[in-house]
Amino acid sequence: MACTDSVGMPYEVTLELHRDGTPYGSVGERCGWLLARLARGVDEARQGRGAARQWADPDDRFPDQEPDSELFSFRYRTRSGLVGGGELRCQLRTIPLWQPGRREWRVTRRAYVEAWGATGVGMRAVLTSAELSAFVGGLAKEAAECLEGRDLATNPVKGAGTPESR
């Protein structure tokens, strides 16, 4: 869902979650830029850039190298600042798997994507980095379409998001 300014121009997005076609919750007001940045980060990590190269399997490569860290957390907030109406978050987890034939542990990393609706009902998906890339890339693409094809990776306001001031 596109957020619009006072003259009706779309400038960012809010995610509307649906489960089996039924509205589930609204989260992440103005999260399009963050989704686009995360999609790029996952793709770069899968290519072995930076510290992600320490993981032999590209499916274990994620942009954040902390053992159990959060890649994103989107919540719904009312204008008064109250939280409610849904949550979508992604947390990295390191999982040891015993390989009996080799008699050793194999350590994997997976992204746990959890969605909580306004009623408190939750869902979880466990994703490899390839699956997370497809999921977040799809969200970023849909967000750009909501914003009439605008590139979420760029900020048209010079100095916005930087320490520069006018």
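Bear in mind the structure is a predicted one, so any value in this text is a computation, not a measurement. (Residues numbered from 1 in each chain as written. Predicted model: local features only at pLDDT ≥ 70, side-chain atom pairs only at ≥ 80, totals over all residues. Heavy atoms only, no water.)

**Some thoughts on the packing of aromatic side chains**
Overall, the coordinates contain two aromatic pairs when judged by the stated rule. For the pair Phe72 and Phe74, a centre-to-centre distance of 4.9 Å together with 15° between the ring planes defines the contact as stacked. By the burial criterion, Phe72 is buried, and Phe74 matches it. For the cation-ring pair, Arg93 lies above Tyr112, with the distance from its terminal atom to the ring centre recorded as 4.2 Å. (Phe/Tyr/Trp six-rings, centres within 6.5 Å; stacked < 30°, edge-to-face > 60°. Buried < 20%, exposed > 50% of the residue type's maximum accessible area, 1.4 Å probe, protein only. Lys NZ or Arg CZ within 6 Å of the ring centre and 35° of its normal.)

**A look at the confidence of the model for the protein**
For the protein, mean pLDDT is 81; residues scoring 70 or higher make up 82% of the total. Mean pLDDT across the elements of the protein bottoms out in strand 1 (residues 2-4) (72) and peaks in strand 8 (residues 122-127) (93). Predicted confidence is poor over residues 155-166, with pLDDT under 50, and the contacts of this stretch with residues over four places away or in other chains come to three contacts. (pLDDT = per-residue confidence, 0-100. Helix = DSSP H or I, 4+ residues; strand = E, 2+ residues; numbered from the N terminus. Contact = heavy atoms within 4.5 Å.)

**So, helix 2 (residues 129-146)**
Helix length check: helix 2 (18 residues) gives 25 Å between terminal C-alpha atoms against 26 Å at 1.5 Å per residue, within 8%. Those residues of helix 2 lying buried are Ser129, Leu132, Ser133, Val136, Leu139, Ala140, Ala143 and Ala144. Looking straight down helix 2, one finds that the buried residues subtend no more than 140° of arc, so they occupy a single side. Looking at helix 2, the residues exposed on the side facing more than 90 degrees away from the buried face are Ala134, Lys141 and Glu145. Glu148, located one to two residues past helix 2, shows a positive phi value of around 60°. (Expected span 1.5 Å × (residues − 1). Arc of directions from axis to C-beta.)

**Considering the side chain of Asp60**
Of note, Asp60 is situated in the loop between helix 1 (32-46) and strand 5 (70-77). For Asp60, a relative accessible area of 2% translates into the label buried. A polar contact of 2.7 Å, which involves the side chain of Asp60, links it to the side chain of Arg110. (Polar contact = N/O pair within 3.5 Å; in protein donor to acceptor, adjacent residues only side chain to side chain.)

**Side note on the pairing of strand 3 (residues 15-19)**
Two strands pair when backbone bridges link them, and strand 3 and strand 4 (residues 22-27) are joined in this way by five bridges, in the antiparallel orientation. Counted as the bridge partner of Leu15 is Val27 from strand 4. Connecting strand 3 to the next strand, strand 4, in antiparallel fashion are two residues, including Asp20 with a positive phi near 55°. (Pairing = 2+ DSSP bridges.)

**Side note on the packing of helix 1 against helix 2**
Running from amino to carboxyl end, helix 1 crosses helix 2 at an angle of 150°, the nearest separation of the two axes being 9 Å. The angle between the axes of helix 1 and helix 2 places the two elements in the roughly antiparallel class. Where helix 1 crosses over helix 2, the two elements pack in a sense that is left-handed. Contacts from Leu35, Ala36, Leu38, Ala39, Val42, Asp43 and Arg46 in helix 1 reach Ser129, Ala130, Leu132, Ser133, Val136, Gly137, Leu139 and Ala140 in helix 2. (Axes fitted to C-alpha atoms, helices over the stretch in contact; angles between N-to-C directions. Parallel < 35°, antiparallel > 145°, perpendicular 65-115°, else oblique. Left-handed = near helix turned anticlockwise from the far one by under 90°.)

**Concerning the pairing of strand 7 (residues 104-117)**
Pairing of strand 7 with strand 8 involves six bridges; the strand directions are antiparallel. Bridging from a neighbouring strand, Ala115 pairs with Met123 of strand 8. The antiparallel hairpin formed by strand 7 and strand 8 contains four residues in its connecting segment, where Gly120 sits at a positive phi of about 95°.

**Points about the nonpolar core**
Within soluble globular proteins, side chains that are nonpolar generally end up buried alongside one another. If you look at the biggest cluster of nonpolar residues, it comprises 26 residues, and the most contacted ones within it are Leu15, Leu71, Phe72, Phe74, Leu88 and Leu132. Listed by contribution, the elements that provide at least two residues to this core are strand 3, strand 4, helix 1, strand 5, strand 6 (83-99), strand 7 and helix 2. If we ignore the near neighbours within four places in the chain, the residues touching Leu15 are Gly25, Ser26, Val27, Gly28, Cys31, Leu35, Phe74, Leu88 and Leu139. (Core = buried A, V, L, I, M, F, W, Y, C linked by side-chain atoms within 4.5 Å.)

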